[in-house]
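# Observations on the three-dimensional arrangement
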Amino acid sequence: MSGTGRARVGRRTVRLRAGSLLVIGRGKWHRVTGTGGEPMVTLNLYVPPAYTTGGDVRVAVAR
């Protein structure tokens, strides 16, 4: 949403800036780091939801 940074997903590194979209597959190792002089603000969406409405981590159920 704002600021700059970089993301490492597995062995790949990408630069992030306002307007960037990064899709991280389930179970992929990742790290996102701000690199600019101002805080980096991100919007994170989890599909399916990773947290309950109370903010607790949702436990995955084997299907």
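Scroll up to find the structure.
Residues numbered from 1 in each chain as written. Predicted model: local features only at pLDDT ≥ 70, side-chain atom pairs only at ≥ 80, totals over all residues. Heavy atoms only, no water.

## What to know about the packing of aromatic side chains
Here the structure, examined in full by the defined rule, presents 1 aromatic pair. Aromatic pair Y46 and Y51: ring centres 5.5 Å apart, planes at 80 degrees, arrangement edge-to-face. Assessed through its relative accessible area of 44%, Y46 is described here as partly exposed. (Phe/Tyr/Trp six-rings, centres within 6.5 Å; stacked < 30°, edge-to-face > 60°. Buried < 20%, exposed > 50% of the residue type's maximum accessible area, 1.4 Å probe, protein only.)

## As for a nonpolar patch on the surface
A contiguous nonpolar patch, built from M1, V41, L43 and L45 and spanning about 470 Å² of accessible area, is present on the exposed surface. Here L45 is to be found in the segment after β3 (30–34). Residue L45 is classed as exposed on the basis of its relative accessible area, which comes to 70%. (Patch = residues over 30% accessible without salt bridge, like charges linked within 9 Å, V, L, I, M, F, W, Y side chains within 5 Å. Areas by Shrake-Rupley, 256 points an atom, 1.4 Å probe, with all protein chains shown as cover. Salt bridge = Lys/Arg side-chain N within 4 Å of Asp/Glu carboxyl O. Helix = DSSP H or I, 4+ residues; strand = E, 2+ residues; numbered from the N terminus.)

## Things to note about the environment of R12
Its place among the elements puts R12 in strand β2 (residues 12–16). Separated by 12 residues in the primary sequence, R12 and I24 have C-alpha atoms spaced 11 Å apart.

## Some remarks on the pairing of strand β1 (residues 5–9)
Side chains G5, A7 and V9 of β1 all project onto a buried face; the interleaved residues R6 and R8 project onto a face where none is buried. Relative to β2, β1 runs antiparallel, the two being bridged by 5 bridges. Within β2, the position partnered with R6 by the bridge is R15. The hairpin turn running from β1 into β2, its antiparallel successor, is 2 residues long, and G10 in that turn takes a positive phi close to 65 degrees. Examined bridge by bridge, β1 and β3 share 5 bridges and lie antiparallel to one another. Within the sheet, the bridge partner assigned to R8 lies in β3 and is R31. (Pairing = 2+ DSSP bridges.)

## Focus on the environment of T52
When you line up the elements, T52 lands in the segment after β3. Along the primary structure T52 and G3 are separated by 49 residues, whereas in three dimensions their C-alpha atoms are 28 Å apart.

## A few points about the sheet that holds β2
With antiparallel pairing, 3 strands are arranged side by side in an open sheet as β2-β1-β3. Strands at the two margins of the open sheet, each flanked by one partner only, are β2 and β3. Going from strand to strand, the sheet's axes swing by 15 degrees on average, the running direction of each strand aside. (Axes fitted to C-alpha atoms, helices over the stretch in contact; angles between N-to-C directions.)

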